[in-house]
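# Residue-level structural notes
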Protein chains: 2
Amino acid sequence: MHQFSEFSTQFAAYFDRNHFPDVPQTLYDPARYFLALGGKRVRPVACLMGNELFDDLREDTWNVAVAIELFHNFTLIHDDIMDKAPLRRNKETVHQKYGESTALLAGDVMLVAAYEYLNKVTAGIAKQQIVNLFNKTAKEVCEGQQLDMDFEKNAAVDFDAYLHMINLKTSVLLGASLQMGAIMGGASERNQQLLYQFGRKLGLAFQVQDDYLDAFGDPQKFGKQTGGDIMANKKTFLLIHALQTATDGQRSELQALLQSNTPEKVHGVLKMFQQCGVDAWAVELKERYRNEALQHLDDIAVVSKRKEPLKQLALFLTQREH
Amino acid sequence: MHQFSEFSTQFAAYFDRNHFPDVPQTLYDPARYFLALGGKRVRPVACLMGNELFDDLREDTWNVAVAIELFHNFTLIHDDIMDKAPLRRNKETVHQKYGESTALLAGDVMLVAAYEYLNKVTAGIAKQQIVNLFNKTAKEVCEGQQLDMDFEKNAAVDFDAYLHMINLKTSVLLGASLQMGAIMGGASERNQQLLYQFGRKLGLAFQVQDDYLDAFGDPQKFGKQTGGDIMANKKTFLLIHALQTATDGQRSELQALLQSNTPEKVHGVLKMFQQCGVDAWAVELKERYRNEALQHLDDIAVVSKRKEPLKQLALFLTQREH
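Residues numbered from 1 in each chain as written. Chains lettered and ligands numbered in written order. Predicted model: local features only at pLDDT ≥ 70, side-chain atom pairs only at ≥ 80, totals over all residues. Heavy atoms only, no water.

With respect to the helices, strands and loops of the structure, Gln319 of chain A is situated in the segment after helix H16 (304–317). As a C-alpha pair, Gln319 of chain A and Tyr212 of chain A span 107 residues in sequence and 12 Å in three-dimensional space. (Helix = DSSP H or I, 4+ residues; strand = E, 2+ residues; numbered from the N terminus.)

This paragraph deals with the nonpolar core. Among the nonpolar cores identified, the biggest contains 237 residues, and Leu195, Phe198 and Phe273 of chain A together with Leu195, Phe198 and Phe273 of chain B are the most heavily contacted of them. Each residue touching Phe273 of chain A, except ones within four places of it in the same chain, is listed here: Phe216, Ile230, Leu238, Leu239, Ala242, Val278 and Asp279 of chain A. (Core = buried A, V, L, I, M, F, W, Y, C linked by side-chain atoms within 4.5 Å. Buried < 20%, exposed > 50% of the residue type's maximum accessible area, 1.4 Å probe, protein only. Contact = heavy atoms within 4.5 Å.)

Here we come to helix H7 (residues 125–152) of chain B. Helix length check: H7 of chain B (28 residues) gives 41 Å between terminal C-alpha atoms against 40 Å at 1.5 Å per residue, within 8%. Taken across its 28 residues, H7 of chain B has 22 buried, putting it largely inside the fold. (Expected span 1.5 Å × (residues − 1).)

A separate point is the confidence of the model for chain A. Averaged over every residue, the pLDDT of chain A is 95; the share at 70 or more is 98%. Taken over the whole predicted complex, pTM reads 0.97, whereas the ipTM for its chain interfaces reads 0.96. (pLDDT = per-residue confidence, 0-100.)

Residue and element names in this part refer to chain A. In this model helix H8 (residues 159–184) runs 36 Å from its N-terminal to its C-terminal C-alpha over 26 residues, within 8% of the 38 Å that 1.5 Å per residue would give. Of all the bends in H8, the largest measures some 50 degrees and sits at Ser171. At the exit of H8 stands Gly186, carrying a positive phi of roughly 75 degrees. (Bend = angle between axes of the 7 residues up to and from the residue.)

At the junction of the two partners, chain A supplies 39 residues and chain B supplies 39 residues. Where chain A abuts chain B, roughly 3400 Å² becomes buried across the two surfaces, and 62% of that area is made up of carbon and sulfur atoms. The tally of links from chain A across to chain B stands at two salt bridges. Here Lys139 of chain B ties to Glu116 of chain A by a salt bridge, and the two come within 3.1 Å at their closest N and O atoms. Where chain A touches chain B, the interface holds 16 residue pairs in polar contact (both at pLDDT 80 or more). Mapped by element, the contributors of at least two residues to the side of chain A that touches chain B are helix H2 (25–35), helix H4 (59–83), helix H6 (100–118) and helix H7 (125–152) of chain A. Top element by residues in the side of chain A that touches chain B is H7 of chain A. It accounts for 14 residues. Taken together, the residues of the side of chain A that touches chain B break down into 21 nonpolar, ten polar and eight charged. (Buried area = accessible area lost by both parts, 1.4 Å probe. Salt bridge = Lys/Arg side-chain N within 4 Å of Asp/Glu carboxyl O. Polar contact = N/O pair within 3.5 Å; in protein donor to acceptor, adjacent residues only side chain to side chain. Nonpolar A, V, L, I, M, F, W, Y, C, P; charged D, E, K, R; others polar.)

This part takes up the relation of the copies chain A and chain B. When chain A is fitted to chain B, the residual RMSD is 0.0 Å, and the transformation amounts to a turn of 180 degrees plus an axial shift of 0.0 Å. Both copies of the chain, as the preceding transformation shows, are related through a two-fold rotation axis. The rotation axis passes nearest to the C-alpha of Ala123 of chain A in chain A, at a distance of 3.3 Å. When the interface residues of chain A are mapped onto chain B, 100% of them are again interface residues, pointing to one common binding face. (Least-squares fit on C-alpha atoms with pLDDT ≥ 70 in both.)

Let us look at the packing of aromatic side chains. All names here are of chain B. Tallied over the full model, the rule gives 27 aromatic pairs over all chains. For the ring pair Phe71 and Phe74, a centre distance of 5.6 Å and an interplane angle of 50 degrees mean the geometry is tilted. Of the two residues, Phe71 and Phe74 both sit in helix H4 (residues 59–83), three residues apart, roughly one turn of that helix. Like Phe71, the residue Phe74 is buried in the burial classification. Between Tyr162 and Phe237, the aromatic rings sit 5.1 Å apart at their centres with planes inclined by 85 degrees, giving edge-to-face as the arrangement. In this pair, Tyr162 sits in helix H8 (residues 159–184) while Phe237 sits in helix H12 (residues 237–245), placing the two residues 75 residues apart along the sequence. (Phe/Tyr/Trp six-rings, centres within 6.5 Å; stacked < 30°, edge-to-face > 60°.)

Once that is clear, we can look at the pattern of salt bridges. For the structure shown, the criterion picks out 18 salt bridges over all chains. A salt bridge links Arg88 of chain B to Asp80 of chain B; the shortest N-O distance between them is 2.8 Å. Classification of Arg88 of chain B as partly exposed rests on a relative accessible area of 22%. Among the charged side chains, a salt-bridge network with shared partners connects Lys201, Arg288 and Glu292 of chain A.

Attention now moves to the state of the cysteines. Inspection of every chain in the model, using the stated rule, returns zero disulfides over all chains. Free cysteine Cys142 of chain B: the closest other cysteine sulfur is in Cys142 of chain A, separated by 15 Å. Its relative accessible area of 4% is what places Cys142 of chain B among the buried residues. (Disulfide = S-S within 2.5 Å.)

One can describe the packing of H7 of chain A onto helix H6 (residues 100–118) of chain B by two numbers: an axis separation of 9 Å at closest approach and a directional angle of 165 degrees. Classified by the interaxial angle, the pair formed by H7 of chain A and H6 of chain B is roughly antiparallel. Relative to H6 of chain B, the crossing made by H7 of chain A is left-handed. Judged by residue contacts, Asn135, Ala138, Lys139, Cys142, Gln145, Gln146 and Met149 of chain A of H7 of chain A engage Ser101, Thr102, Leu105, Asp108, Val109, Val112, Tyr115 and Glu116 of chain B from H6 of chain B. For the contact of H7 of chain A with H6 of chain B, the residue count by class is seven nonpolar, five polar and three charged. (Axes fitted to C-alpha atoms, helices over the stretch in contact; angles between N-to-C directions. Parallel < 35°, antiparallel > 145°, perpendicular 65-115°, else oblique. Left-handed = near helix turned anticlockwise from the far one by under 90°.)

Residues and elements named next belong to chain A. You can see Gln179 is positioned in helix H8. On the basis of relative accessibility, which here comes to 7%, the residue Gln179 falls in the buried class. Separated by 3.1 Å, the side chains of Gln179 and Gln192 make a polar contact. When sequence neighbours within four positions are dropped, the list of residues in contact with Gln179 reads Leu133, Gln192, Gln193 and Tyr196.

Mapped onto the fold, Thr262 of chain B is located in the loop between helix H13 (248–259) and helix H14 (265–275). Considering only alpha carbons, one finds Thr262 of chain B and Leu243 of chain B, 19 residues apart in sequence, at a separation of 20 Å.

What follows concerns the packing of helix H9 (residues 189–216) of chain B against helix H15 (residues 278–299) of chain B. Residue and element names in this part refer to chain B. For the pair H9 and H15, interaxial distance at closest approach is 8 Å and the crossing angle is 160 degrees. Judged by the inter-axis angle, H9 sits roughly antiparallel to H15. Handedness of the crossing formed by H9 with H15: left-handed. Grouping the amino acids of the contact of H9 with H15 by side-chain chemistry returns 16 nonpolar, three polar and seven charged.

Okay, structure coming up:
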């Protein structure tokens, strides 16, 4: 069995190949450029670990893992277009560098390439199940992105609606990646579902942590400037909760700050967050999701020893200091 | 066996269903809107006919046909964004009506929906082959669109490069649709390839005819205003050939006309086309592609009677008056 870090190195080596034809370069160079920007490759590695939780790694699981990573990168390229984001991992986004039309098409062919890898899996019940889950998840991720855009135009978004959106946009893919691995490992339906829920809850815990760190993190440790979400008026777990639990007076003050664009904005919003107790609430929420995730892992019917790598992964992904 | 018109009616009824979840409406209503704009559904019907050329229609072929039509509509939605087209079939395009981001996502989920239908096909060798061909063709269509955009920035495009582009952008999908049907019908590899080439050449003949009619067609019979390609400086079979075969003097005159934007532009360009003999050349080129298509059909090893519906289709698609 492998730890996350071992699989991570192996997957990086496996994934570092040319996934596209050489020509036309005007289409495939942009696709290659984006993949070369790197990333933690958490989802494909989760898929490999999901297989190994139940049985020896199957050769075909590598194809599923590659498909997942290509799919994830397809969503990033298209999301960057929609969000008009100039940078991703401190490099130019595809549309910024090559234009929107090419970025759109590069995303499209990346999605097709994902299906090419899926179709390499040897035919059988497992394949049908995996492609079904892949398709269901792909649609959900698109739905999440659409809801996110809808929320931008909508001042009043309540916690449940936000949770539904962020679950689709960021968490179901982690759950599905693990479950696809579990299917390859021959897991029972119940064990598959438990592992899916482990991943989904872990995804939510990670998202809460990410929102928290963007507001309250130590820039040195967080690795990027904090306050970005606040400056962009991005709806986050923190902001949604603050708006929902603030007194009328606090809410007015917060709304005024959101509409401002002064250097004091970040500091002011953070102060409001603290007044509303959002910081402590977020830490607690993250721990709740993480504990629920770990409980699902605990309930899976395999010997505890096999669960260790996934347990370590859960702690690793949610251990960031605050 | 069925004629094109019979299958066309049957497919329209079969396809007229809700292919998407109800919510979020902000994502799926745009997708439904676009499918409701209609179309001739030539490609899915070609798939059904490809199956029936070799054997009784299989239930699963309907799933393949639906997947093909959804894929085709996905490309139209995304192409319309890239081309900044306000109208499609005299109705607002998706991005025009719902915004670019939503159109992008609606296209994405439509592609995923296409794969959902493909995955309904009962597992087996045929399914693996069909998904392989589907993926290969999907990438080629994206490549064709990218090359088309590249050509817009490139003044000098020669005939071979243009033919390569238009083949990918418009013809391979018709060939592949027929071949997917042939695979479902249990055709031999050689028969599959002949049918593919029949469709590809027929697609080229149709494209030449379309270019010709946009220039020289009778607006009453063509069903739309002529001269649109000329006004938009669109590269077509006619323009590419004219630029390549004109004398230096004619070429200068043509270039000057292309850079103008006067009401006389269309008339002037048409006159140049005639001086270069482009009109007669195009009629001949179309007939050559059609004859090559029919020859491929002829070479397929099944009794002639079974080929009649496809022969009629070829004549129907290329019979437009000129």
